[in-house]
Amino acid sequence: MTKSSSGFFACLVLSLSLILTLSSASAILFQGFDWESWHQQGGWYNSLNNLVGQIAQAGVTHVWLPPPTHSVAPQGYLPGKLYDLNDSRYGNEAELKSLIDIFHKNGIKCIADIVINHRCGTKQDHRGIWCIFEGGRSDGRLDWGPHYICRDDVEYSDGTGNLDSGAAYAAAPDIDHLNPDAQQGLIQWMNWLKTEIGFDGWRFDFAKGYAARIMQIYMEETSPDFAVGEIWNAMAYGPDGKLSYNQDQHRYDLANWATVAGGAIAAFDFTTKGILQAAVEGELWRLIDPNGRAPGLIGIMPNNAVTFIDNHDTGSTQQLWPFPSDKVMQGYAYILTHPGIPTIFYDHYFYWELMEDIVELAAVRNRNGINESSSLNILAYDADLYVAMIDGKVITKIGPRYSVGDLVPSDFKIVTSGQDYCVWEKQSA
């Protein structure tokens, strides 16, 4: 990252802080499923019905639900008939609408997992290739042929589509998002998910699979209450195989994507996840950049940063990039008291029985009005100790070192603590 490009992005960050606004002053996202949720006897939607009250205890404002459509894969990430919500392994359309209604009655908005980079054909064309798409409706909506596939996706394309505007996806046909008819069909479908099903916003799967400028169109034409994209890129590692200290390119790539996408969409802060899970392994000095800021996306564009510890890919049964299991609560102490939009993972909350500890941290966040753009003053950053003050009202410590010296003023009192983390609140006079 050159000095001139850093200055350019600084201007973008300043302007974008005025663009992105969420309906809640302190948003908390809850991922309401994992990789195995489709196995649930009686249906996942029906199972979640009984847990909405417990989820609400954490001050959750938005719940991210699994892909709702017909899919070749049971988890929902190889979709076919996008209008068919009755052929989902999580439940049927009526059960989904009932679940959304219950969440709404508890003040929680619902986020649909939007998988539109790729799509699975349900019929073969004259070549014997599975590239004929059915929308799942009698009126022909989203009934497409191979012309809607990127022409450089040579396994499925008939050569008439546009070149792919993003990263390739090998497991299924890459949809041509430069095709205006494809754009309008997907926009119509997403608006149907809002008006007919009750969804409030979007989580875009594999969002790097098509151009950010196309994402801006989808955002402007569907006006979600909340939206976040998955841009999962490789981080920088040194010759020794260890994570590099400087991850500026990684986080500025996320910032650039959000900028080009119009600024009204957030990105999952994979930079913060990668740095944080390395830092808690005796390298807490990583949690500050050379300018005294947080080293992830939250350090440069916090309003557009959705932080998380693990999700259905990185954790759950896939374990593609898991957070150290014995240090998960240090992670939550960090993201639930820091800028950005924190995410709580279903597995940690229910299966790992961390609900009580997470609820206490979330209560600190809400009680003190910590939000996406809260101020952060990092007070200590050593191998075994990290201490930061947030908005002048909360102090968070993570790491095994017990003593914090004189870093905590006398008018701050401990309000919650656990294994290698502690949080103080400033007491009123």
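A. Spatial organisation of the overall build of the chain. Across its full length, the chain holds 11 helices and 15 strands. What you see for the chain is a C-alpha radius of gyration of 22 Å, in line with the 22 Å of a compact globule of 429 residues. Projected onto its principal axes, the C-alpha coordinates of the chain cover approximately 75 × 50 × 40 Å. Going through the 429 residues of the chain one by one, you find that 59% of them count as buried. Partitioning the contacts of the chain with sequence separation of at least 6, the portion at a separation of at least 24 is 68%.

B. Main features of the pairing of strand β12 (residues 385-390). With 6 of 6 residues buried, β12 is to be regarded as a mostly interior element. Side-chain alternation along β12 places Leu385, Val387 and Met389 on one buried face and Tyr386, Ala388 and Ile390 on a second face that is also buried. For strand β11 (residues 376-382) and β12, the ladder comprises 6 bridges, and the chain directions are antiparallel. Counted as the bridge partner of Asp382 is Leu385 from β12. Counted along the chain from β12 to the antiparallel partner strand β13 (residues 394-398), the turn is 3 residues long, and its residue Asp391 has a positive phi close to 55 degrees.

C. Layout of the environment of Phe33. Along the chain, the position of Phe33 falls in the loop between β1 (29-31) and α2 (44-49). Among the residues examined, Phe33 registers a relative accessible area of 1% and is labelled buried. Separated by 308 residues in sequence, Phe33 and Ile341 place their C-alpha atoms 18 Å apart. Each residue touching Phe33, except ones within four places of it in the same chain, is listed here: Trp44, Trp64, Leu65, Pro66, Tyr77, Asp113, His312, Phe345 and Tyr346.

D. Expanded view of the pattern of salt bridges. The tally for this structure, following the rule as stated, stands at 20 salt bridges. Here Lys327 ties to Glu281 by a salt bridge, and the two come within 3.3 Å at their closest N and O atoms. Of this pair, Lys327 sits in the loop between β9 (305-307) and α9 (328-335) while Glu281 sits in the loop between α8 (270-279) and β9; the two residues are 46 residues apart in sequence, bridging distant segments of the chain. On the basis of relative accessible area, Lys327 is assigned to the buried category, the value being 16%. Looking at Glu281, the relative accessible area reads 46%, which means it is partly exposed. Among the salt bridges present, the one from Arg401 reaches Asp384, with a minimum N-O distance of 2.9 Å. Residue Arg401 is located in the loop between β13 and β14 (412-418), and its partner Asp384 is located in the loop between β11 and β12; the two are separated by 17 residues in the primary sequence.

E. Inspection of empty space enclosed by the protein at higher detail. Counting across every chain of the model gives 3 cavities of 30 Å³ or more. Together, Tyr245, Asn246, Gln247, Asp248, Arg251, Ile275, Ile288, Asp289, Pro290 and Pro295 line the largest cavity. Looking at side-chain class alone, the lining of the largest cavity contains 5 nonpolar, 2 polar and 3 charged residues. In this structure, the second largest cavity spans a volume of roughly 40 Å³. Along the walls of the second largest cavity sit Leu82, Val115, Ile116, His118, Arg119, Trp144, Ile175 and Leu186, which together make up its complete lining. Looking at side-chain class alone, the lining of the second largest cavity contains 6 nonpolar, 1 polar and 1 charged residues.

F. Quick look at the sheet that holds strand β10 (residues 341-345). Spatially, β1-β2-β3-β6-β7-β8-β9-β10 is the arrangement adopted by the 8 strands of the closed barrel, whose pairing is parallel. Taking the axes of each pair of neighbouring strands and ignoring which way they run, one obtains an average angle of 30 degrees across the sheet. Where strand β6 (residues 201-204) and strand β7 (residues 227-229) come together, 3 bridges link them in parallel fashion. Note on β7: the bridge partner recorded for Phe204 is Gly229. With respect to the sheet, helix α5 (residues 180-197) is in contact with β3 (109-114) and β6, its orientation differing from that of β6 by roughly 130 degrees.

G. Seen up close, the environment of Leu297. Here Leu297 is to be found in the loop between α8 and β9. As for Leu297 and Ile390, which are separated by 93 residues in sequence, their C-alpha atoms are 17 Å apart. Apart from residues lying up to four places away in sequence, Leu297 is in contact with Arg251, Leu254, Ala255, Ala267, Asp269, Thr271, Thr272, Pro302, Asn304 and Ala305.

H. Here's a closer look at the pairing of β6. In β6, alternate side chains face the same way, and those of Gly201 and Arg203 on one face and Trp202 and Phe204 on the other are all buried. Two strands pair when backbone bridges link them, and β3 and β6 are joined in this way by 4 bridges, in the parallel orientation. Residue pairing across strands places Ile114 opposite Phe204, the latter belonging to β6.

I. Seen up close, the environment of Trp202. Within the secondary structure, Trp202 sits in strand β6. With relative accessibility at 0%, the residue Trp202 sits in the buried group. Along the primary structure Trp202 and Asp411 are separated by 209 residues, whereas in three dimensions their C-alpha atoms are 42 Å apart. If we skip the residues at most four places from it in the chain, Trp202 touches Ile111, Ala112, Ile114, Met190, Leu193, Lys194, Thr222, Pro224, Phe226, Ala227 and Val228.

J. Region of the structure containing the confidence of the model for the chain. Confidence along the chain averages 94 in pLDDT terms, with 94% of residues attaining 70 or more. Put simply, helix α1 (residues 3-16) is where the chain has its lowest mean pLDDT, 43, and α9 is where it has its highest, 99. Throughout residues 1-24 the model reports pLDDT below 50, and contacts reaching past four residues in sequence, or to other chains, amount to 33 contacts.

K. Quick peek at the packing of aromatic side chains. This structure, assessed with the given rule, holds 22 aromatic pairs. Ring geometry for Phe30 and Tyr346: centres 6.4 Å apart, planes at 80 degrees, overall edge-to-face. Within this pair, whereas Phe30 is found in strand β1, its partner Tyr346 is found in helix α10 (residues 346-351), the two being separated by 316 residues in sequence. You'll find Phe30 and Tyr346 in the same group, each marked buried. Ring geometry for Tyr346 against Tyr351: centres 5.3 Å apart, planes inclined by 80 degrees, an arrangement best described as edge-to-face. By way of ring pairs, the aromatic residues Phe33, Trp64, Trp232, Phe268, Phe270, Phe308 and Trp321 are connected into one cluster.

Calculation criteria
- Residues numbered from 1 in each chain as written.
- Predicted model: local features only at pLDDT ≥ 70, side-chain atom pairs only at ≥ 80, totals over all residues.
- Heavy atoms only, no water.
- Helix = DSSP H or I, 4+ residues; strand = E, 2+ residues; numbered from the N terminus.
- Rg over C-alpha atoms; globule rule 2.2 N^0.38 Å.
- Buried < 20%, exposed > 50% of the residue type's maximum accessible area, 1.4 Å probe, protein only.
- Contact = heavy atoms within 4.5 Å.
- Pairing = 2+ DSSP bridges.
- Salt bridge = Lys/Arg side-chain N within 4 Å of Asp/Glu carboxyl O.
- 1 Å grid on protein atoms, 1.4 Å probe; cavity = no way out; pocket = protein on both sides within 12 Å on 5 of 7 lines; lining within 4 Å.
- Points joined across faces, edges and corners; volume = space filled by probe spheres on them.
- Nonpolar A, V, L, I, M, F, W, Y, C, P; charged D, E, K, R; others polar.
- Axes fitted to C-alpha atoms, helices over the stretch in contact; angles between N-to-C directions.
- pLDDT = per-residue confidence, 0-100.
- Phe/Tyr/Trp six-rings, centres within 6.5 Å; stacked < 30°, edge-to-face > 60°.

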